[in-house]
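Letter by letter, the chains look like this.
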Amino acid sequence: MNTSIVWLRDDLRVSDNPALLAGAETSDNLVVVYVLDQESPGIRPLGGATKWWLHHSLEALADKLQRLGGRLILRHGPAHDVLRELIAETSAHAIFWNRRYGGAERELDATIKSFARASGLKAQSFQASVLFEPWTVRTGGGTPYTVFTPFWKSCINNHDIPRMPLDAPPVLPHSPLITRAHGGQEAEPLASDDLASWHLLPTAPDWSAGLAHRWTIGENAAHERLEDFIDTRLPQYADGRDAPARLVTSELSPHLRFGEISPFQVWHRVEAAKAHGDAVVLKNAIKFMAEVGWREFSYHLLYHWPDLATVNFDSRFDAFPWGEANPEALAAWQQGRTGIPLVDAGMRELWQSGTMHNRVRMVAASFLIKNLLIDWRVGEQWFWDTLVDADPASNAASWQWVAGSGADAAPYFRVFNPVLQADKFDPQHEYLHRYLGEYEHPLVSDYPLPIIDLVESRNRALAAFAQLQGIPRAIRPPSP
DNA sequence: CGTCGGTTGGT
DNA sequence: CCAACCGAC
């Protein structure tokens, strides 16, 4: 028997999955495994909302695999130990996976690849989660990009068109029984954890009802989401994407986060829409793909600056005078009771549904960083815990962008005024009313007074940020 | 992917 | 009085 292992990670799909396809084509017994690894050094534990998503995504994936004749094996523990054991159990001759781009993830994968090859296995990794491999996009001087627009132009103009999506394997050859390599036991099914035993779902309290109401999880749902976006939302995307009350954004981010859909599938679906559409479709498609481009840019940054989530990209910010610890203000922000309606509406949307409209994310983040002078890493961690799309690259890059410490960052003097932003992008206050019921009846409500004066705190932030002005921007060198 | 305060030229 | 525009931060 010719056994291959396919190790799935952030690619919980059967279509356009090069590792799964390679396994299916080169073996007659495919072992598809997901490893819950919360122990390997440097691997950041998932937040609550992403754990919840992962549980349901694994259920959906198991069903997809089963329909193709396969079976999803669940194991937990340090990935290196788990896979060494699995290789021994199955006498696999090959192992395949799709690449990850975080620092610790790359180190871990390299270690496992070395071990597998030293043990005589074929070990191969594939490009599946980004359109442009981070090391292939270089400036004229050979360095990684630190500005979005030239980065994305270079991707579009200087690189091969992203490959066509791959079909799902027609069948997943799988032997239900496997003979252990050691000892003479009877053939037995390969052991798999019970998903429930991983305790990915919240209990006591179960806060997931709002998330379950908002989201349908899994590969099928991701493609339905994409089709609906192309048909009904893309035509209004450029003009409507900034209005939080309108359903115009794609809402694909959590699906992309777990690889239920691939950026290649998104790219080529948008290309097809462009091919059949007019100039309006073209304009909207370019705008939308630029947002996919921001995701690519974030992965580019994460690959070249692996500590993106913890270290200021611009080291001038290492000396930035963040305010004294202010647990009351932080809690008010987290719980959506700052007394600033747009901030509170966004933070409540986040808590209830595991997401927040992009425009409101920028405003809520700007408020924490600039009005409250709280270190961006504190906000990044809260979003990591509460967003269903919490992504190691996009979340970190975006928080640094708002702080002004990041690549191609917002200039320090760009301080959002949440009141003006609400009037401009939510003129009927429809979004505010959706999440702040009491806001409609201020006289009878207990809606809090603002915890901070917007004008005063803006000026305080400008003064603090102005201290950096005399010092030249200091971008850390990329990791070799 | 901004805000503010100023000016200008219109009503 | 105010919308549109501009430069500074």
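Keep in mind it's a predicted model, so treat the numbers as computed, not measured.

(A) Representation of the domain arrangement of chain A in the model. The domain boundaries assigned to chain A delineate domain 1 (1-129), domain 2 (130-162 + 219-304) and domain 3 (315-466). Between the C-alpha centres of domain 2 and domain 3 there is a distance of 25 Å. Counting from both sides, the interface comprises 21 residues of domain 2 and, opposite them, 20 residues of domain 3. Contact between domain 2 and domain 3 buries roughly 1700 Å² in total, counting both sides, with carbon and sulfur atoms accounting for 58%. Where domain 2 packs against domain 3, one counts one salt bridge.

(B) Molecular detail of the protein's contact with DNA strand B. Near DNA strand B there are 14 residues, and of these Trp294, Arg414, Val415, Asn417 and Leu420 occur at the shortest range. Taken together, the sugar and phosphate atoms account for 67% of what DNA strand B places within 4 Å of the protein. One nitrogen or oxygen atom from the main chain of asparagine 417 is found 3.1 Å from a phosphate oxygen belonging to DNA strand B. Taking glutamine 421, its side chain carries an N or O atom lying 3.2 Å from a phosphate oxygen of DNA strand B. Those elements that place two or more of their residues in the surface near DNA strand B are α11 (279-304), α14 (358-371) and α17 (418-425). For the surface near DNA strand B, a count of residues per class yields seven nonpolar, two polar and five charged.

(C) Highlighting the UniProt feature "site: Electron transfer via tryptophanyl radical" (unreviewed entry) in chain A. In this numbering, the UniProt entry assigns the feature "site: Electron transfer via tryptophanyl radical" (unreviewed entry) to Trp322, Trp376 and Trp399. With respect to the helices, strands and loops of the structure, tryptophan 322 is situated in the loop between α11 and α12 (327-335). Mapped onto the secondary structure, tryptophan 376 falls in helix α15 (residues 376-386). Not counting chain neighbours up to four residues away, the residues in contact with tryptophan 376 comprise Leu308, Ala309, Thr310, Val311, Asn312, Trp322, Ile369, Trp399, Gln400, Ala403 and Ser405.

Reading the values: rules and limits
- Residues numbered from 1 in each chain as written.
- Chains lettered and ligands numbered in written order.
- Predicted model: local features only at pLDDT ≥ 70, side-chain atom pairs only at ≥ 80, totals over all residues.
- Heavy atoms only, no water.
- Domains from an automatic or database assignment.
- Contact = heavy atoms within 4.5 Å.
- Buried area = accessible area lost by both parts, 1.4 Å probe.
- Salt bridge = Lys/Arg side-chain N within 4 Å of Asp/Glu carboxyl O.
- Near = heavy atom within 4 Å.
- Polar contact = N/O pair within 3.5 Å; in protein donor to acceptor, adjacent residues only side chain to side chain.
- Helix = DSSP H or I, 4+ residues; strand = E, 2+ residues; numbered from the N terminus.
- Nonpolar A, V, L, I, M, F, W, Y, C, P; charged D, E, K, R; others polar.
- UniProt positions renumbered as here; feature names shortened; annotations may be inferred.

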